[in-house]
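Listed below are the residues making up each chain.
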Amino acid sequence: MRDRKPADQSQKSGLGKMRLVHVDKNCDMWNFAIEEHLKLDNCSRPKFQPAKEEKRGVVVAQSLRCVNCSFVTPLFKLYEEIRKPGRGRSAAVQNLELNAAVTSTSIGFKKLRFLLAALDLSPPSESGMHQMSQTVCDKIAQLSSDDMNQKLLQASGLEKNIHISVDTRYNTSGIRNSRRTGLPTATQSTTVAMEKQTGKNYIVSAFTQNKLCPKGALLRSKGDQTATCPGGHTGCIANVDKLESLSEYESGREIGRNIAGAGVTVAYCTTDGDSRLHKGVAQSIQEANPSHQVKRLADLVHLSQTQVKRAKKKTFSPHLFPGMTTKKDRQECKCVLAADLKNRSSMILKHMSEKFNADTDQMKHEMPSVINAVLQCYGGDCSDCAEKSAGTCAGGDSDNWFVRSRSLRENGITALHPSETDIQTMPEILLIVLGDEGIEKTWGLSTTQSNEAANRALSSRCPKNVKFSKSITARVGSAILTCNNGPGDAQRKISHRLGLPMSRGQKRYHAAEQKRNTYSQRHRRSPSTQTRRLQQDAKTRRDKLKRRQQAQLPSDYKKHQLDDSSSSSDSIPGGESPDKRLRRSVRRDHKYHCL
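The rules behind each value
Residues numbered from 1 in each chain as written. Predicted model: local features only at pLDDT ≥ 70, side-chain atom pairs only at ≥ 80, totals over all residues. Heavy atoms only, no water. Helix = DSSP H or I, 4+ residues; strand = E, 2+ residues; numbered from the N terminus. Rg over C-alpha atoms; globule rule 2.2 N^0.38 Å. Buried < 20%, exposed > 50% of the residue type's maximum accessible area, 1.4 Å probe, protein only. Polar contact = N/O pair within 3.5 Å; in protein donor to acceptor, adjacent residues only side chain to side chain. Pairing = 2+ DSSP bridges. Axes fitted to C-alpha atoms, helices over the stretch in contact; angles between N-to-C directions. Contact = heavy atoms within 4.5 Å. Parallel < 35°, antiparallel > 145°, perpendicular 65-115°, else oblique. Left-handed = near helix turned anticlockwise from the far one by under 90°. Nonpolar A, V, L, I, M, F, W, Y, C, P; charged D, E, K, R; others polar. Phe/Tyr/Trp six-rings, centres within 6.5 Å; stacked < 30°, edge-to-face > 60°. Lys NZ or Arg CZ within 6 Å of the ring centre and 35° of its normal.

1. A short note on the overall build of the protein chain
Item 1. Each helix and strand counted, the protein chain has 22 helices and ten strands in total.
Item 2. In terms of C-alpha radius of gyration, the protein chain reaches 33 Å, well past the compact-globule figure of 25 Å for 595 residues.
Item 3. When the backbone C-alpha atoms are referred to their principal axes, the protein chain occupies close to 110 × 70 × 55 Å.
Item 4. Evaluated residue by residue, the protein chain yields a buried proportion of 40% over its 595 residues.

2. Thoughts on the side chain of Ser-275
Item 1. Examined against the element boundaries, Ser-275 turns out to sit in the loop between strand E9 (265-271) and helix H8 (277-288).
Item 2. Engagement of the side chain of Ser-275 in a polar contact is seen with the backbone nitrogen of Leu-277, the distance being 3.0 Å.

3. What about the sheet that holds strand E1 (residues 48-56)?
Item 1. One open sheet accounts for three strands, arranged E1-E2-E3; its pairing is antiparallel. Lying at the two open borders of the sheet, with one neighbouring strand each, are E1 and strand E3 (76-77).
Item 2. Note: strand E2 (residues 59-66) against E3, two bridges, orientation antiparallel. Paired with Gln-62 across the bridge in E3 is Phe-76.

4. Describing the sheet that holds strand E7 (residues 188-195)
Item 1. Within the open sheet, the five strands sit side by side as E8-E7-E6-E9-E10. Their pairing is mixed. Each of the sheet's edge strands pairs with one partner strand only, and the pair in question is strand E8 (203-210) and strand E10 (295-298). Sheet twist, expressed as the mean angle between neighbouring strand axes with direction ignored, is 25°.
Item 2. Bridge count for strand E6 (residues 161-170) against E7 is seven bridges, and the pairing is antiparallel. Pairing of Thr-168 across the sheet is with Thr-191, part of E7.
Item 3. Sheet strands in contact with helix H18 (residues 472-485) are E7 and E8, and its direction is about 160° off that of E8.

5. Describing the packing of helix H11 (residues 360-378) against helix H15 (residues 420-434)
Item 1. At a minimum axis distance of 11 Å, the contact between H11 and H15 shows a crossing angle of 135°. By the criterion of interaxial angle, the relationship of H11 to H15 is oblique. Like other packed secondary-structure pairs, H11 and H15 cross with a definite hand, here right-handed. Between H11 and H15, the contacting residues are Met-367, Ile-371, Val-374, Leu-375 and Tyr-378 on the first element and Ile-423, Met-426, Pro-427, Leu-430, Leu-431 and Leu-434 on the second.
Item 2. Classifying every residue of the contact of H11 with H15 gives eleven nonpolar, no polar and no charged.

6. Structural notes on the packing of aromatic side chains
Item 1. Scanning the entire structure with this criterion turns up five aromatic pairs.
Item 2. Seen from their ring centres, Phe-48 and Phe-71 are 6.2 Å apart, and the 65° between their planes marks the pair as edge-to-face. Remark: Phe-71 occurs in the loop between E2 and E3 and Phe-48 occurs in strand E1; sequence separation between them is 23 residues.
Item 3. Among the residues examined, Phe-48 registers a relative accessible area of 19% and is labelled buried.
Item 4. Both rings, one in Tyr-378 and one in Phe-402, keep their centres 6.5 Å apart while their planes meet at 90°; by these two values the pair is edge-to-face. Taken together, the residues Tyr-378 in helix H11 and Phe-402 in helix H13 (residues 401-404) connect sequence positions 24 residues apart.
Item 5. The buried category is assigned to Tyr-378, whose relative accessible area is 0%.
Item 6. When the ring centre of Tyr-202 is taken as reference, the NZ or CZ atom of Lys-151 above it lies at 5.3 Å.
Item 7. Taking the ring centre of Phe-468 as reference, the NZ or CZ of Arg-475 above it sits at 3.7 Å.

7. Description of the packing of H18 against helix H19 (residues 487-498)
Item 1. It is the contact of H18 with H19, at a shortest axis distance of 7 Å, that shows an interaxial angle of 130°. Accordingly, the angle class assigned to the pair H18 and H19 is oblique. When the axes of H18 and H19 are compared, the crossing they make is right-handed. Across the interface between the two elements, Leu-481, Thr-482 and Asn-485 from H18 touch Pro-487, Asp-489, Ala-490, Lys-493 and Ile-494 from H19.
Item 2. Class assignment of the residues belonging to the contact of H18 with H19 gives a composition of four nonpolar, two polar and two charged.

See the structure below:
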């Protein structure tokens, strides 16, 4: 008789045909089965197959049976586990490692289950992963807090005084209100403070505001209106009411409390121009040290952008740009001149700061003569440039500012003919950065660009199109650990905090990642790489300018060009489009409900 084909245990159990097993544990199970089966006398032809399987996250516990007899092995755990005190099943190492690794990516458990199913690995239940992630997320958040405190004490030194730059990242692309509800679209924000003492830009403090609480929303949807957020029910994870706006002032106060709690004071706080973070930081520092004053410094990059915007709004004489006869050409040249004034102001400020060792009094005393030399240079008189232009112009025919300036040279501007009005307008633009107030605000030439880099690291864990309500603190903590220590060392610290053993292959991989990250940072900051990047950008701008001059084709985009003629603004009395009229009515209704 033909032997009956045994049933496929993987199909019977509902699991896939692939398993994630520990090699040594799997060998122990088979060796045990073979040795115990040899002790039987009634079966000389063993044929093993899985008898029972239990899915435990991404790993399994399995037992074997012999098809030709009644031999069955006990259930073997084909994974390593972390022993815990008390009752209950110990957690598998692979489940904890997977939960910790997910916080360093941009995907959630739903996408993770999709990837595991694509590999024919039976995905774990989403509820079970969320339950285990709570412990993992709390430990990662605490590890990040401890690491920031260590970096804070390291950067502050013996003086216990520090210079920081602060910036806030929101989980939306812009600060606006929803048309559907009238509430702000931003529901989460993360404020990061970075030190400017050591040159390594360590993150020394962070605070996350969160309006999202899935448990509270579920309770309210079931009729429990007493489950308010934040703090109105057990397990609430929100710290801001959904009807309130996210406050940078309150975030700054929390940052100041964290720093003051470590016994450190803040001497300087660098922020952008539209932030109230420094006021919150100063308030908390003064509460701990009433006699201490925190000085706010302006971000040089944002201040320079303000300079460009102010220059574009100014009106220059039509003869300032020789050879430009059309209004469009003069407008383009004005934008080029605005960027050139910004670049030259930054170069002058950096040169003067190095020359006088950031002594603001000497810089203020010398700056008027520098500005006069710059104005004469734009007018064609470079007689004083060699001595008074702060290294921006040598005064010769082949080494003057019009030859050195990248923006002027690439756009074919070789000379300017400023009028008396232009001579009075240009100093107003230059004084935004080079005036007495600008020199005081930009002391030390500090910027928030390192905060922007940290925000990009946060976006790699918390994309703005995905709302991570429960794991937001762990994802922020994972990004901070990576910024402060590198990807390899950060993962090693997380594994050590969770009590997870690391295999030789894992150690080798994390060491290689750490080495690759260090090399990448050194490569990006090298002068040769920066010079090559500038040359490539200049070539791209030249090619774009050449293509635009050759094509001269109008844009094929026009708003409402495919809509019905009745929807255009010309056919509506008063020249108001339906979209504009709808937005105006929504604003009017929102204003009425807010009264």
